[in-house]
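Secondary and tertiary structure notes
The residues making up each chain are set out below.
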Amino acid sequence: VYILAIESSCDDTSAAVLQNGKVLSNVVANQKIHEAYGGVVPELASRAHQQNIVPVVHQALAIANIDKKQLTAIAFTRGPGLMGSLLVGTSFAKSLALGLNIPLIEVNHMQAHILAHFIEDEAQSIPKFPFLAMTISGGHTQIVVVKDHFDMEVIGETIDDAVGEAYDKSGKILGLSYPAGPQIDKLANQGNPKAFPFPKPKVQGLNFSFSGLKTAILYFIQKQTKENPDFIQENLKDICASIQYTIVNIILDKLKKASKQTGIKTIAIGGGVSANSAIRKALKDGEFKFGWTAHIPKFEYTTDNAAMIGIVGYLKYLKKDFTDEAVTANSRIKI
Ligand code: ATP
Ligand code: FE
């Protein structure tokens, strides 16, 4: 079974070819254009997807060494994401499936961030059901009980900003370019995590809140730079380490609570922020600290990529769960 998968939900145009559960190619075109704006500009993202989609798909087929006539089905991201971005991938996938007369398979982007663990790859392991998935990305922060591939229940989520946003907005305050998450991660590893204590939000149960942290950082930086205009330059590594320390603690606290509450000790992380070195380490440490079985995705399957869309496409293909060609993109679709 050869699946061509298309991902265009946000600012990365990606295409992948999977042979059964294995990835033959996974091409991602990043959109550098947003760096200057401190965040993704939806209009520009949509336009860049239109420019990228054909070359990216061509490259994915070429690397996989597959002719489009050999494809078994086309999988695509239906949502959630930016409408103008989703429409490009959706329209492309629909027309190609129609032209080749092969099945079309819609994929939920957030399910894909979780099911990326089912890609067969030596660098990662496949979790056993039931497991807890922590999806941490640019638009979401969720704790999900995964009972089966397509039987998922969200038991906790953010009531305001996503954790990726917390990273990116903190970075913006510090004058870092978008996306700031990977830069903060790198700088944090050279700084003192206890240099500047930031408050942890008081949110009941398994929900999250990150907007208070962002405000606390903003006020702290404003106050400090008033006294010393060079405060950020002189303390950047320590500030980043302190932000990272606070965020990782917030996430770990909730994960421990969720594990206790559900009795589930198999834990998988997914989404762009699961590339974070401190979060990966905290999860790994949980194996001997709390008896967890930790599943950490391979780097290229953390931020947006079509390989994760392809594995969901394959799992749905096995169930003959196909999509009608009248389908439209859905920017707010739930898990
Ligand atoms: P969603 O999946 O919710 O629709 P998205 O697709 O925009 O959102 P992803 O591509 O999954 O998000 O993740 C992007 C986010 O991951 C950005 O906010 C980025 O800063 C963050 N990120 C990437 N690498 C790291 C890292 N090493 N540490 C912290 N954050 C990171
Ligand atoms: Fe994503």
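Residues numbered from 1 in each chain as written. Chains lettered and ligands numbered in written order. Predicted model: local features only at pLDDT ≥ 70, side-chain atom pairs only at ≥ 80, totals over all residues.

- You'll find the protein chain entered in an unreviewed UniProt entry as tRNA N6-adenosine threonylcarbamoyltransferase, with Kordia algicida OT-1 given as the organism.
- You can read under Subcellular location (unreviewed entry) in the UniProt record for the protein chain the words "Cytoplasm". (UniProt positions renumbered as here; feature names shortened; annotations may be inferred.)

**A look at the pairing of strand β2 (residues 12-19)**
- When you tally the buried positions in β2, you get seven out of eight residues, the bulk of the element.
- Bridge count for strand β1 (residues 2-7) against β2 is six bridges, and the pairing is antiparallel. Along β2, the bridge assignment pairs Y2 with Q19.
- Connecting β1 to the next strand, β2, in antiparallel fashion are four residues. (Buried ≥ 20, exposed ≤ 12 C-beta atoms within 10 Å, placed from the backbone. Helix = DSSP H or I, 4+ residues; strand = E, 2+ residues; numbered from the N terminus. Pairing = 2+ DSSP bridges.)

**Here we look at the UniProt feature "domain: Gcp-like" (unreviewed entry) in the protein chain**
- Mapped onto the present numbering, the UniProt feature "domain: Gcp-like" (unreviewed entry) falls on residues 22-310.
- The straight-line gap between the two end C-alpha atoms of residues 22-310 is 9 Å; of that span, 47% is helix and 17% is strand.

**Re the packing of helix α5 (residues 181-188) against helix α7 (residues 231-262)**
- It is at 7 Å that the axes of α5 and α7 come closest, and there the two elements cross at 110°. Our classification of the angle between α5 and α7 gives roughly perpendicular. For the pair formed by α5 and α7, the contact residues are I184, D185, L187 and A188 on the first element and L236, K237, C240, A241, I243 and Q244 on the second.
- Considering only residue class, the contact of α5 with α7 consists of seven nonpolar, one polar and two charged. (Axes fitted to C-alpha atoms, helices over the stretch in contact; angles between N-to-C directions. Parallel < 35°, antiparallel > 145°, perpendicular 65-115°, else oblique. Contact = placed C-beta atoms within 7 Å. Nonpolar A, V, L, I, M, F, W, Y, C, P; charged D, E, K, R; others polar.)

**Regarding the UniProt feature "binding site: Fe cation" (unreviewed entry) in the protein chain**
- In the UniProt entry, the feature "binding site: Fe cation" (unreviewed entry) is given for H109, H113 and D304. Spanning 196 residues, the annotated positions come together in the fold, the maximum distance between their C-alpha atoms being 8.8 Å.
- Summarising the element assignment, H109 is placed in helix α3 (residues 109-115).
- Setting aside chain neighbours within four positions, we find H109 in contact with S9, T77, G79, P80 and G81.
- Within the secondary structure, H113 is located in helix α3.

**Topic: helix α4 (residues 163-173)**
- By the criterion of burial, α4 is predominantly enclosed, with nine of the eleven residues buried.
- Those residues of α4 that sit buried are V163, G164, E165, A166, Y167, D168, K169, S170 and G171.
- Once α4 finishes, G175 follows within two positions and takes phi at roughly 85°, a positive value.

**Observations concerning the nonpolar core**
- One finds A5, A15, I74, A75, A307 and I309 to be the most contacted residues of the largest nonpolar core, which totals 88 residues.
- With eleven residues, the single largest contributor to this core is α7.
- Sequence-distant contacts of A5, that is, excluding residues within four places in its chain, are made with A15, A16, L18, A75, A306, A307, I309, G310 and G313.
- Residues A45, A48, L82 and A329 belong to the second largest nonpolar core, which totals seven residues. (Core = buried A, V, L, I, M, F, W, Y, C linked by C-beta atoms within 7 Å.)

**Considering the environment of F150**
- For F150, the location among the structural elements is in the loop between β7 (141-148) and β8 (151-157).
- In this structure F150 comes out as partly exposed when scored by C-beta crowding, with 15 C-beta atoms within 10 Å.
- Note: C-alpha distance between F150 and L18 (132 residues apart in sequence) is 20 Å.

**Examining the sheet that holds β7**
- Overall, mixed pairing links the five strands, which are arranged β8-β7-β6-β9-β10 in an open sheet. Of all the strands in the sheet, just β8 and β10 (293-295) have a single pairing partner and so form its edges. The mean angle between the axes of side-by-side strands here comes to 25°, regardless of whether they run parallel or antiparallel.
- Examined bridge by bridge, β7 and β8 share six bridges and lie antiparallel to one another. Bridging across to β8, Q142 finds its partner in E157.
- Sitting on the sheet, helix α8 (residues 277-290) touches β9 (266-270) and β10, and the angle it makes with β10 is about 155°.

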